[in-house]
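Single-letter residue listing:
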Number of protein chains: 2
Amino acid sequence: MKNFKNDEIGKMEKFYRMNLINSLIGFRALNLLGTANDDGVSNLCIISSTFHLGANPPLIGLVMRPQREHNDTLKNILSSGQYTLNNILPDLYKQAHQTSASYPSGDSEFKECGFEELYIDGFKAPFVQEANVRIGLELRKTIDVDLNGTTIVIGKIMYILTEDGLIGNDGMIDHYKAGTITAAGLDSYYTIDPLGRLAYAKPYVAPHEI
Amino acid sequence: MKNFKNDEIGKMEKFYRMNLINSLIGFRALNLLGTANDDGVSNLCIISSTFHLGANPPLIGLVMRPQREHNDTLKNILSSGQYTLNNILPDLYKQAHQTSASYPSGDSEFKECGFEELYIDGFKAPFVQEANVRIGLELRKTIDVDLNGTTIVIGKIMYILTEDGLIGNDGMIDHYKAGTITAAGLDSYYTIDPLGRLAYAKPYVAPHEI
């Protein structure tokens, strides 16, 4: 067994530690985060730190890092109060990864990386045309995390735009059918295969598929 | 295209909304969260709301829901200041799902769901023997989210325990080799297949595999 203690983690070479810590929790929700500034200039960045916060009210959280390309994104979210999350399909994973490059402000990753902006009435932030599960969010809260200078951004789901046939009768989105991909660490991408869907768990009742 | 606006989301049948909102962001990091109370009674619950917060210091966040079985977990984390996250392998996904059942306090999900506790010197929270990527965390901060009564728990990584051969020369954990599974929504589990690993993205340079 390979064991690391905290003091060893602190002494690791920077990129080794980044790869190790980033990959620890496993596969992560992977989305393209779309915003626009006050002049309507769009911005797009790949993000794997979104998390489900609650269904009623419908809330999603995500982490913005300090001193990085994401700062334009955070500025746009704070200024416009709106942003979108869009799933990523296998054919587009290289372009999606490319949105993590540090393009200068004013240079839209939509254009540079080959994505088309999709707008709907009453919402200023751009969705990704090439996605098939798209979420429009309104900012509800930001939390500054003093431990490392990151910002947790919490938004309320205002719009859901999916292609036909992806939502089951019970509301569940079929991400396998959609083709949604996932990621681990900073740079590794994966497709998925269904293993099983299980009934609501009750104490002392054996788990079973539905 | 299937579109929902916020007012329609608010009017949805409860379980339809839960399934839809829980499945929106895609595949999620899936772990078993291990704790123990002051008497050493262990607790284990499946969790899919962990998120990477930063590599230096090494921090992981997760969301605890109000008024649910997770409350024992949160009590234990607050009381002991320690907890573990452990990956889930395909053969064990039904048992892992079963840990979401509302067992009474004092009834350990390790025993009820068929997992073995693994302890190391100097750390009170139990790891999962059957996992092969295990993280020991110390509580650093809790954030009460007044929007919905959830609690964001932030911990510092104190221990990493993996089986041999799962960490690459660059620090990246090979979750495909490990067999780590992922989940979408409340109850659907998936295995994964590698799509590609990409070089660090630079502006105006085409993305390429490494």
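Caption draft 1: Local environment of the overall build of chain A. When you go through chain A residue by residue, the secondary structure sums to 6 helices and 12 strands. Computed over the C-alpha atoms, the radius of gyration of chain A is 18 Å, within 12% of the 17 Å expected from 2.2 N^0.38 for a compact globule of 210 residues. Projected onto its principal axes, the C-alpha positions of chain A cover 60 × 50 × 35 Å. For chain A, with 210 residues in total, the buried portion stands at 61%. For chain A, long-range pairs separated by at least 24 residues make up 57% of all intrachain contacts whose partners lie at least 6 apart in sequence. Counting only carbon and sulfur atoms, one obtains 48% of the accessible surface of chain A, whose full area is about 8,100 Å². Mean positive and mean negative side-chain charge positions of chain A (19 and 25 charges, respectively) differ by 8 Å.

Caption draft 2: Quick look at the confidence of the model for chain A. When pLDDT is averaged across chain A, the result is 95; 98% of the residues are at 70 or more. Listed scores for the predicted complex are pTM 0.96 and ipTM 0.95.

Caption draft 3: Structural context of the side chain of A:Thr73. By the secondary structure assignment, A:Thr73 is in helix 3 (residues 70-80). Ignoring sequence-local partners within four residues, the contact set of A:Thr73 consists of A:Leu33, A:Thr35, A:Asn43, A:Cys45 and A:Met64.

Rules and cut-offs
Residues numbered from 1 in each chain as written. Chains lettered and ligands numbered in written order. Predicted model: local features only at pLDDT ≥ 70, side-chain atom pairs only at ≥ 80, totals over all residues. Heavy atoms only, no water. Helix = DSSP H or I, 4+ residues; strand = E, 2+ residues; numbered from the N terminus. Rg over C-alpha atoms; globule rule 2.2 N^0.38 Å. Buried < 20%, exposed > 50% of the residue type's maximum accessible area, 1.4 Å probe, protein only. Contact = heavy atoms within 4.5 Å. Areas by Shrake-Rupley, 256 points an atom, 1.4 Å probe, with all protein chains shown as cover. Lys, Arg positive; Asp, Glu negative; His and termini not counted. Charge placed at Lys NZ, Arg CZ, Asp CG, Glu CD. pLDDT = per-residue confidence, 0-100.

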